[in-house]
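What follows is the residue order along each chain.
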Amino acid sequence: GISAKVYKDNLLGVRAIVFPESAHATDLGNSYNINSGLITLTTAGESGILYYKNNDNRNIHIDSIVAILAPSTGGVVTDTTQVRVYSNPTTGTLISGAVNADTVQNRNLGDPSTLDALTYKGATGNTITDGTVVVESLVSPGNRVAFNIDLTIPKGKSVAISFEPNDSNTNMKCMAALVLHIEADV
């Protein structure tokens, strides 16, 4: 309308509909799903699974990281896989091998906008040789786990995800995914 209610303590009275920034970003075509695609890990060592580097001038906000682990051949059902998220890695075969991630999808299925980023998928034995571990967890094979986190990735910064299966693994199919959006300018 043409007027606003101001209370005696100088608070402005408003009627509003409130929903998360990530939902608004999806409406605007500024939210994305990145998926490594299917990877088979044939050893028990740590393997780089997914790499993301922001090349956009705007900040990227990671809402969640998804780890999908099939059962491990050679492993025991109660054994776990260590999942690590690295901040700002710049070297390792996950990066130098540069195989594009299988899926980079705008979450607004009617919007053709694309993401200005590098997105790579890994393979057994791919390394991440620098960066800092910022998230670490254990996941049982045969599960899909979503880590709801809040990470902001400015231009030129990156994240990488690695999986390290239990000591007796000889074959485990897996995937990693990022659910993210471009942060609104305020």
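For the structure, check the block above.
A. Quick look at the packing of aromatic side chains. For the structure shown, the criterion picks out one aromatic pair. Residues Tyr-51 and Tyr-120 carry aromatic rings whose centres are separated by 5.5 Å and whose planes lie at 15° to one another, so their mutual orientation is stacked. Taken together, the positions of Tyr-51 in strand E5 (residues 47-54) and Tyr-120 in strand E10 (residues 117-121) put the pair 69 residues apart, joining distant regions of the chain. Judged on exposure class, the residue Tyr-51 and its partner Tyr-120 are both buried.

B. Quick peek at the sheet that holds strand E7 (residues 81-87). Spatial strand order, E8-E10-E5-E13-E7-E11: six strands in an open sheet with antiparallel pairing. Looking at strand neighbours, the two that pair on one side only are strand E8 (99-100) and strand E11 (132-139), the edges of this open sheet. Bridge count for E5 against strand E13 (residues 158-164) is six bridges, and the pairing is antiparallel. Of the residues in E13, the one forming a bridge with Gly-48 is Ser-162.

C. Structural view of the side chain of His-181. By the secondary structure assignment, His-181 is in strand E14 (residues 172-182). Judged by relative accessible area, which is 3%, His-181 ranks as buried. At 2.9 Å, the side chain of His-181 and the side chain of Asp-63 are in polar contact. Contacts of His-181, omitting those with residues within four sequence positions, involve Glu-21, Ser-22, Ala-25, Asn-30, Ser-31, Asn-59, Ile-60, His-61 and Asp-63.

D. Here's a closer look at a nonpolar patch on the surface. On the surface, a cluster of nonpolar side chains totalling about 300 Å² of accessible area is made up of Val-6, Leu-12 and Val-14. A relative accessible area of 54% means that Leu-12 is categorised as exposed.

E. Geometry of the nonpolar core. Judged by nonpolar contacts, the single largest core of 30 residues is most densely connected at Tyr-52, Ile-62, Ile-161, Phe-163, Leu-178 and Leu-180. Of all the secondary structure elements, the ones that give two or more residues to this core are strand E3 (31-35), strand E4 (39-41), E5, strand E6 (60-69), E7, strand E12 (143-153), E13 and E14. The greatest single-element share of this core, amounting to six residues, is contributed by E14. Those residues in contact with Ile-62, other than ones at most four positions away along the chain, are Ile-149, Asp-150, Leu-151, Ile-153, Val-159, Leu-178, Val-179 and Leu-180. Formed by seven residues, the second largest nonpolar core is a distinct cluster that contains Tyr-51, Tyr-86, Tyr-120 and Ala-160.

About the criteria used
- Residues numbered from 1 in each chain as written.
- Predicted model: local features only at pLDDT ≥ 70, side-chain atom pairs only at ≥ 80, totals over all residues.
- Heavy atoms only, no water.
- Phe/Tyr/Trp six-rings, centres within 6.5 Å; stacked < 30°, edge-to-face > 60°.
- Helix = DSSP H or I, 4+ residues; strand = E, 2+ residues; numbered from the N terminus.
- Buried < 20%, exposed > 50% of the residue type's maximum accessible area, 1.4 Å probe, protein only.
- Pairing = 2+ DSSP bridges.
- Polar contact = N/O pair within 3.5 Å; in protein donor to acceptor, adjacent residues only side chain to side chain.
- Contact = heavy atoms within 4.5 Å.
- Patch = residues over 30% accessible without salt bridge, like charges linked within 9 Å, V, L, I, M, F, W, Y side chains within 5 Å.
- Areas by Shrake-Rupley, 256 points an atom, 1.4 Å probe, with all protein chains shown as cover.
- Salt bridge = Lys/Arg side-chain N within 4 Å of Asp/Glu carboxyl O.
- Core = buried A, V, L, I, M, F, W, Y, C linked by side-chain atoms within 4.5 Å.

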